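Close look at the chain arrangement
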Amino acid sequence: YAAALSRPTVRVLADARVAALRLHGAAAGVTLEDGREFEAGLVVAADSRFSQTRRLAGIGAAVREFGRSAILVPVIHEHPNDGIAWECFRYSGTLALLPMTRRRSSAVLTIASDAAPEWLALSDADFAARLRTLAGPRPGRLTLDGPRHHYHVKYAESTDGITWKRT
């Protein structure tokens, strides 16, 4: 990333969404959702494993549904995390506490997708209490420090890998 930014001919556009992609000869063109248009010899699709740009280029991918969901939420905990990430593996799911500041972590709960609605319906206090039960005594009391974000866990891989070539 730093190397790309150091080159005057490389333009990095973060938070931009590609609406259209044109592949022609030795060049490619993109139209962004905001209407801006660009032409270049190379377009890099770095917009996640579920890449819209990859799809527009006609590069296929196999997407596997794992039947798992992740719920992410920032939490404040009683005891300092000492900059250490903790992961607790239980039959009911996996909880990771990823340090953000001394007494604040990002809680990442991975559970069966059919259990997600029950977790999401809990009050903040009940959700924090369940996290505390999964985490054990290490973090101490937990309180939620922001909204919960829910994601279905999927995996995508290119169906033709690096062998794909534009003609």
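For the structure, see preceding data.
Right, let's walk through the structure included here. (Residues numbered from 1 in each chain as written. Predicted model: local features only at pLDDT ≥ 70, side-chain atom pairs only at ≥ 80, totals over all residues. Heavy atoms only, no water.)

1. Points about the environment of V73
The criterion, for reference: In this text, helices come from DSSP runs of H or I with a minimum length of four residues, and strands from runs of E with a minimum of two, each type numbered from the N-terminal end. For each residue, the accessible area found with a 1.4 Å probe, counting protein chains only, is set against the maximum for its type, and the residue is called buried under 20%, exposed over 50%, and partly exposed in between. Any two residues whose heavy atoms approach within 4.5 Å are treated as being in contact.
One can find V73 in strand 4 (residues 61-77). Judged by its relative accessible area of 2%, V73 is buried. Beyond its immediate chain neighbours, meaning those up to four positions away, V73 contacts S105, S106, A107, F127, L131, L144, G146, P147 and R148.

2. Examining the side chain of T31
For clarity, the cut-off: N or O atoms within 3.5 Å of each other form a polar contact, as long as, within protein, one can give a hydrogen and the other can take it, and as long as residues adjacent in sequence are counted only when both atoms are side-chain atoms.
Within the element layout of this structure, T31 appears in strand 2 (residues 27-32). On the basis of relative accessible area, T31 is assigned to the buried category, the value being 14%. Side-chain polar atoms of T31 contact the side chain of R22, separated by 2.8 Å. Those residues in contact with T31 that lie beyond four places of it in its chain are R17, V18, A19, A20, R22, R36 and E37.

3. A word on the pattern of salt bridges
For clarity, the cut-off: Note on definitions: salt bridges are taken to be side-chain nitrogens of Lys or Arg within 4 Å of carboxyl oxygens of Asp or Glu.
Within this structure, the stated rule accounts for 7 salt bridges. For E39, the salt bridge identified is with R22, shortest N-O distance 3.3 Å. Of this pair, E39 sits in strand 3 (residues 37-40) while R22 sits in strand 1 (residues 18-24), placing them 17 residues apart in sequence. Two residues, E78 and R141, come together in a salt bridge whose shortest N-O distance is 3.4 Å. Taken together, the positions of E78 in the loop between strand 4 and strand 5 (86-90) and R141 in the loop between helix 4 (124-135) and strand 8 (142-144) put the pair 63 residues apart, joining distant regions of the chain. On the basis of relative accessibility, which here comes to 31%, the residue E78 falls in the partly exposed class.

4. Points about helix 4
Applicable threshold: Here the expected length of a helix is defined as 1.5 Å per residue gap, with one fewer gap than residues. Comment: arc refers to directions from the helix axis out to C-beta atoms.
Along its 12 residues, helix 4 runs 16 Å from first to last C-alpha, staying within 8% of the 16 Å computed at 1.5 Å per residue. All of the buried residues in helix 4 are F127, A128, L131, L134 and A135. One side of helix 4 carries all its buried residues, which in axial view fall inside an arc of 120°. Across from the buried face of helix 4, at angles greater than 90 degrees, the exposed residues are A125 and T133. Buried residues belonging to helix 4 abut strand 4, strand 5, strand 6 (93-101), strand 7 (104-112), helix 3 (116-121) and strand 8. One or two steps after helix 4, the chain reaches G136, where phi turns positive at roughly 80°.

5. Here's the deal with the environment of V30
Inspection of the secondary structure assignment puts V30 in strand 2. Remark: the alpha-carbon pair of V30 and A20, spanning 10 residues in sequence, is separated by 5.6 Å. Not counting the four nearest positions on each side in its chain, V30 is found in contact with V18, A20, L21, R22, R36, E37, F38 and V43.

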